[in-house]
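What the coordinates show
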Amino acid sequence: MSTTTQSFRPGLEQIAAYRAGKPAPVGPSGRSIKLSSNENPYPPLPAVVAHLAEVLPHAISRYPSIAAEELTAALAQRFDVATENLALGAGSVEVAAQLIHAMTAPGDEVMFAWRSFEAYPILVRVAGAVPVEVALDADSRHDLQAMADAVTDRTRLIFVCNPNNPTGTVVSEAELEAFMARVPSNVLVVVDEAYVHFDRNSDSPSGIDFFRRYSNVAVLHTFSKAYGLAGLRVGYAIAPVPVAEALRKVSVPFAVSRLAQDAAVASLAAEGELQLRIDEMVTERDRLTAGLRATGLPVVPSQANFVWLPLGEASAAMGAAFEAQGISVRTFAGEGVRVSIGDPEENDAVVAAVIAAANRV
Ligand SMILES: *Cc1c(COP(=O)(O)O)cnc(C)c1O
């Protein structure tokens, strides 16, 4: 074993590595079901695969375009924003990192609800900023009043994850409006809409609508979840021009590959087809929620492509019970279990696993 002689940045040892969703173990039937990363259960659209096959020979030996002209233009048109309002990254998690790097100096505060997306505290610490976690309320929802109360003169950035990962809850338009009225305009509010396509709540806010009305709102979107491109890594921010400019400045050059750019463009052109799949996942989410509730489990109403089981101390045992059936889920010991929506057969297996676990005790 070699001894490390290099000196690392102070504080680095306190930063936990991001814990990715586990691959699925093999269950008793020989089956493995991965429901731990909120991925899309469908294969990519044939039109997207065909397009990628066509560009593949040209996409590997050359660097991609940093400006990603085609994708940027397609997004600007899709959302009726200026190309100057857009900043891309290798997944919206990279864009979240860009936001933190662009807006904070060491010691500045970045606020978010907790529990929320696990990458937030890691990205904030890596940037040398200070994470400020504000507890969700008793219904696993953002407590926007408590978040507004927690703003200090060091606050630079606030993430509002809507729908929230891992609880699937949403804030209402009126709540976000009241929140914006209390947040100083020099603090950037980032509405992380990774799961917005699955939200069927009629009084949910549109992040882009808030972006249009407030000079201190940015929106994060990703192609990883609803569009099923998690493996290609592409996401973006829609942000005020000076913010988007700053994001491009701190971005890693060439992070978004040509394949990712082209797949995103092809996906935007196939939104109608993708919408059918999204609708199907929403139907499955509601069916899974009902099925799990029928077993007696508590299920938080979800507007995302996963459900949250707030099981408290029973979470680890339930997580293990799923694993025993070849189903990987995301277990937060002492808090809850997050189960991604799979295809109908996979969702049936989730309910069957709960019933099997109940019969064993
Ligand atoms: C999955 C997710 C993202 C982004 O994922 P990328 O694959 O990096 O685009 C961003 N925010 C939340 C809350 C997520 O769950």
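Here's a quick rundown of the structure. (Residues numbered from 1 in each chain as written. Predicted model: local features only at pLDDT ≥ 70, side-chain atom pairs only at ≥ 80, totals over all residues. Heavy atoms only, no water.)

A short note on the packing of aromatic side chains
Using the criterion set out here, one finds 12 aromatic pairs in the structure. When the ring of Phe112 is compared with that of Tyr120, the centres are 5.6 Å apart and the planes differ by 45 degrees; the resulting orientation is tilted. Where Tyr195 meets Phe306, the ring centres are 5.0 Å apart and the plane angle is 85 degrees; that geometry is what we call edge-to-face. Of this pair, Tyr195 sits in the loop between strand 6 (188–192) and helix 7 (207–213) while Phe306 is found in strand 9 (residues 306–309), placing the two residues 111 residues apart along the sequence. Classification of Tyr195 as buried rests on a relative accessible area of 2%. Taken together, the ring pairs connect Tyr18, Phe112, Trp114, Phe117, Tyr120 and Phe159 into an aromatic cluster. Lying over the aromatic face of Phe210, Arg213 brings its terminal NZ or CZ to 4.8 Å of the ring centre. (Phe/Tyr/Trp six-rings, centres within 6.5 Å; stacked < 30°, edge-to-face > 60°. Helix = DSSP H or I, 4+ residues; strand = E, 2+ residues; numbered from the N terminus. Buried < 20%, exposed > 50% of the residue type's maximum accessible area, 1.4 Å probe, protein only. Lys NZ or Arg CZ within 6 Å of the ring centre and 35° of its normal.)

Overview of helix 10 (residues 271–294)
Taking 1.5 Å of rise per residue, 24 residues should cover 34 Å, and helix 10 covers 34 Å from first to last C-alpha, within 8% of that figure. Of the residues making up helix 10, those classed as buried are Glu271, Leu274, Arg277, Ile278, Met281, Val282, Glu284, Arg285, Leu288, Thr289 and Leu292. On its buried face, helix 10 is in contact with helix 2 (69–79), helix 9 (258–269), strand 9 and helix 12 (344–360). Of the residues flanking the end of helix 10, it is Gly296, one or two places downstream, whose phi is positive at about 100 degrees. (Expected span 1.5 Å × (residues − 1). Contact = heavy atoms within 4.5 Å.)

Notes on the pattern of salt bridges
Taken as a whole and assessed by the stated rule, the structure comprises 17 salt bridges. Ionic pairing is found between Arg78 and Glu271, a salt bridge with its closest N-O pair at 2.6 Å. Of this pair, Arg78 sits in helix 2 while Glu271 sits in helix 10, and the two are 193 residues apart along the sequence. With a shortest N-O distance of 3.4 Å, Asp108 and Arg156 are connected by a salt bridge. A residue pair is termed long-range when its members are at least 10 positions apart, and Asp108 in the loop between helix 3 (92–103) and strand 3 (109–114) and Arg156 in strand 5 (residues 155–161) qualify at 48 residues. (Salt bridge = Lys/Arg side-chain N within 4 Å of Asp/Glu carboxyl O.)

Things to note about the sheet that holds strand 2 (residues 86–89)
Spatially, 7 strands are ordered 2-8-7-6-5-3-4 in an open sheet, and the strand pairing comes out mixed. At either margin of the open sheet sits one strand with a lone partner, and together these are strand 2 and strand 4 (130–135). Each neighbouring strand pair of the sheet contributes to a mean axis angle of 25 degrees, computed without reference to strand direction. The pairing of strand 3 with strand 4 spans 6 bridges and is parallel. (Pairing = 2+ DSSP bridges. Axes fitted to C-alpha atoms, helices over the stretch in contact; angles between N-to-C directions.)

By themselves, these figures tell us nothing about what the structure is for.
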